[in-house]
Amino acid sequence: MDYENNSWIWEGVNYYPRVFGGLMVTAALLGLSSSYFGGIGVPYLSLPCSWSNLGIFHKKKSGKRRIRVYMDGCFDLMHYGHANALRQAKALGDELVVGLVSDEEILANKGPPVLSMEERLALVSGLKWVDEVITDAPYAITEQFLNRLFHEYKIDYVIHGDDPCLLPDGTDAYAAAKKAGRYKQIKRTEGVSSTDIVGRIMSSLRDPKVCEDHNGTGVRPQEESQSKGSHISQFLPTSRRIVQFSNGKGPGPNARIVYIDGAFDLFHAGHVQILKRARELGDFLLVGIHSDETVSEHRGNHYPIMHLHERSLSVLACRHVDEVIIGAPWEITKDMITTFNISLVVHGTIAEKSLYNETDPYEVPKSLGMFRSLESPKDITTTSVAQRIMANHEAYVKRNAKKTKSEQRYYEGKKFVSGD
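Residues numbered from 1 in each chain as written. Predicted model: local features only at pLDDT ≥ 70, side-chain atom pairs only at ≥ 80, totals over all residues. Heavy atoms only, no water.

**Student:** Quick question: what am I supposed to make of the overall build of the protein here?
**Tutor:** Within the protein one finds 17 helices and ten strands. Taken over 420 residues, the protein has a buried fraction of 47%. Excluding contacts between residues fewer than 6 apart, the proportion of contacts in the protein whose partners are at least 24 apart in sequence is 82%. Of the roughly 21,700 Å² of accessible surface on the protein, a fraction of 53% belongs to carbon and sulfur atoms. (Helix = DSSP H or I, 4+ residues; strand = E, 2+ residues; numbered from the N terminus. Buried < 20%, exposed > 50% of the residue type's maximum accessible area, 1.4 Å probe, protein only. Contact = heavy atoms within 4.5 Å. Areas by Shrake-Rupley, 256 points an atom, 1.4 Å probe, with all protein chains shown as cover.)

The structure is reproduced here in structure tokens:
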């Protein structure tokens, strides 16, 4: 007889003491009837139903309505901070609905977006915690849109981080939700923001020609400037954060394990789509993420923009990924294939080119007949994303100057917020 937990008896005692007491007395009398009064021939009395069928004892799963929470954002240059915010939001309910601010609204309130609506939609939809996406959400939640959320989308709570979100006129973008008593706050992920990433790109790639050189003209690392260190990441990785992003499950005994590797720098829509295709080829997707040193060696000292642990979290947040190797080797060896029981190695047709003419890193899996080239669904790359920013340099410098001041005020007045 299966019960959901051992507390069902005590719940019956607490809520129905008289009924429970009566049943215990009956049980005692029945016990006596078969022993002490056995010679008198007291007839056997059977209970009308088994205890497991009494609703008062069995804690049935109720048909309680699922809590739906809403969180909006631009999600431009999608990073692990965005992913962690959505993970926290999902923990406050059962279903997470994400509002994606339109390109026009971003332009009016923050400046030109780096990624298009289509690209941002692919990134947000690809997160493992997202259940539904509303496109063309307004930058400010008006009472009219709030009513639409409550009635059309059945939203219970609106979620936002502990950092202030102000409109151009200085008012709170979430004032209407707070006034309605349907607002909940989560903890901001420290050490990263879209403003910070734009700053890293502009600091590392000041000369637009650098981006062109990385398309395969053979520029050596020693010929590049060492400007990368001028904008250092403030992210402090913890084992707990990695566990929060991880699925926590390994492959089954007979699982077909697919392996794909790369830098996955400035995680973008092209990454999501190729990971989805790779996952469809097996039961378990293992992703190898190259170390910072490996990426710099093969792509140049300006890369990676995001360091290893930042890139690892972005990949782990993707719903198509089951596990990652943090600091995977450049060349895939026979020992590595055996260790991870890899069935198939894949690689996309669109990828950043290496600076050197070198041996094929996929030589071993190709010789074993277990390599497959996947047609990349998008031609976007880390370099092409960086080029968009550098091509519109003045606009992003102006935008970042304004946002940087806002973030400085946040950090100066920051207080500890529990939870995450």
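**Student:** Honestly, the nonpolar core in this entry has me stumped. Any pointers?
**Tutor:** If you look at soluble globular proteins, the nonpolar side chains tend to sit buried side by side. One finds Leu86, Ile201, Leu275 and Val287 to be the most contacted residues of the largest nonpolar core, which totals 65 residues. Looking at which element gives the most residues to this core, the answer is helix 3 (residues 80–91), with five residues. Once residues within four sequence positions are removed from consideration, Ile201 is found in contact with Leu266, Ile305, Ala386, Ile389 and Met390. Listed in part, the 24 residues of the second largest apolar core include Tyr70, Val97, Val158 and Leu167. (Core = buried A, V, L, I, M, F, W, Y, C linked by side-chain atoms within 4.5 Å.)

**Student:** Before we go on, may I ask you to explain the pairing of strand 7 (residues 284–290) in this structure?
**Tutor:** Successive residues of a regular strand alternate their side chains across the two faces of the sheet. Within strand 7, seven of the seven residues are buried, which leaves the element mostly enclosed by the surrounding structure. Because side chains alternate across strand 7, one face comprises the buried residues Phe284, Leu286, Gly288 and His290, and the other comprises Leu285, Val287 and Ile289, equally buried. With six bridges connecting them, strand 6 (residues 257–262) and strand 7 associate as parallel partners. By the bridge assignment for strand 7, Val258 is matched with Leu285. Since strand 6 and strand 7 lie parallel, the crossover through helix 11 (residues 269–279) that links them has a hand, and here it is right-handed. When strand 7 meets strand 8 (residues 323–328), the two strands line up parallel, connected through five bridges. If you follow Leu286 over to strand 8, its bridge partner there is Glu323. (Pairing = 2+ DSSP bridges. Right-handed = clockwise from strand over helix to strand, strands pointing away.)

**Student:** What's the story with the pattern of salt bridges in this structure? I'm lost.
**Tutor:** Should the charged atoms of two oppositely charged side chains come close, the side chains can pair. All chains considered together, the criterion is met by 15 salt bridges. Taking the shortest distance from any N to any O, the salt bridge between Asp103 and Arg120 comes out at 2.5 Å. Highlighted residues: Asp103 in helix 4 (residues 103–109) and Arg120 in helix 5 (residues 117–125), separated in sequence by 17 residues. Among the salt bridges present, the one from Lys178 reaches Asp172, with a minimum N-O distance of 2.7 Å. Among the residues examined, Asp172 registers a relative accessible area of 27% and is labelled partly exposed. (Salt bridge = Lys/Arg side-chain N within 4 Å of Asp/Glu carboxyl O.)

**Student:** When you look at the packing of helix 8 (residues 194–204) against helix 16 (residues 382–391) in this model, what are you seeing that I'm missing?
**Tutor:** How two helices sit against one another is set out by the angle between their axes and by the gap between those axes. Where helix 8 contacts helix 16, the axes come no closer than 10 Å and their chain directions differ by 85°. Classed by the angle they form, the pair helix 8 and helix 16 counts as roughly perpendicular. From helix 8, Val198, Ile201 and Met202 reach across to helix 16, where they touch Ala386, Ile389 and Met390. Here the contact of helix 8 with helix 16 is composed, by residue class, of six nonpolar, no polar and no charged. (Axes fitted to C-alpha atoms, helices over the stretch in contact; angles between N-to-C directions. Parallel < 35°, antiparallel > 145°, perpendicular 65-115°, else oblique. Nonpolar A, V, L, I, M, F, W, Y, C, P; charged D, E, K, R; others polar.)

**Student:** Hey, could you run me through the sheet that holds strand 10 (residues 371–374) in this one?
**Tutor:** Consider a sheet: its strands pair through backbone hydrogen bonds, and that pairing is either parallel or antiparallel. Taking strand neighbours across the sheet as the criterion, the five strands line up as 8-7-6-9-10 in an open arrangement whose pairing is parallel. Two strands bound the open sheet, and with one partner strand each, they are strand 8 and strand 10. Each adjacent strand pair in this sheet contributes to an overall mean axis angle of 25°, direction not counted. Of the strands in this sheet, strand 7 and strand 8 are in contact with helix 13 (residues 308–316), which crosses strand 7 at around 160°.

**Student:** I keep staring at a negative patch on the surface and nothing clicks. Help me out?
**Tutor:** Residues Glu297, Glu331, Glu358 and Glu363 make up a contiguous surface patch of negative charge. Of note, Glu297 is situated in helix 12 (residues 292–299). (Patch = residues over 30% accessible without salt bridge, like charges linked within 9 Å, V, L, I, M, F, W, Y side chains within 5 Å. Lys, Arg positive; Asp, Glu negative; His and termini not counted. Charge placed at Lys NZ, Arg CZ, Asp CG, Glu CD.)

**Student:** How should the environment of Ile155 be read in this particular structure?
**Tutor:** Position of Ile155 among the secondary structure elements: in the loop between helix 6 (143–151) and strand 4 (157–161). Apart from the residues within four sequence positions on either side, Ile155 is in contact with Arg68, Val69, Tyr70, Val97, Leu149, Phe150 and Arg182.

**Student:** Quick question: what am I supposed to make of the packing of aromatic side chains here?
**Tutor:** Where two aromatic rings form a pair, the distance of their centres and the angle of their planes describe that pair. The full count for this structure, using the stated rule, is four aromatic pairs. Summarising the aromatic geometry, the rings of Tyr362 and Phe371 are spaced 5.2 Å apart at their centres and angled 40° between planes, so their arrangement reads as tilted. Residue Phe371 is classed as partly exposed on the basis of its relative accessible area of 23%. Sitting over the ring of Tyr183, Lys178 keeps its end group 4.9 Å from the ring centre. Across the ring face of Phe371, the terminal group of Lys366 is positioned such that the distance to the ring centre comes to 5.0 Å. (Phe/Tyr/Trp six-rings, centres within 6.5 Å; stacked < 30°, edge-to-face > 60°. Lys NZ or Arg CZ within 6 Å of the ring centre and 35° of its normal.)

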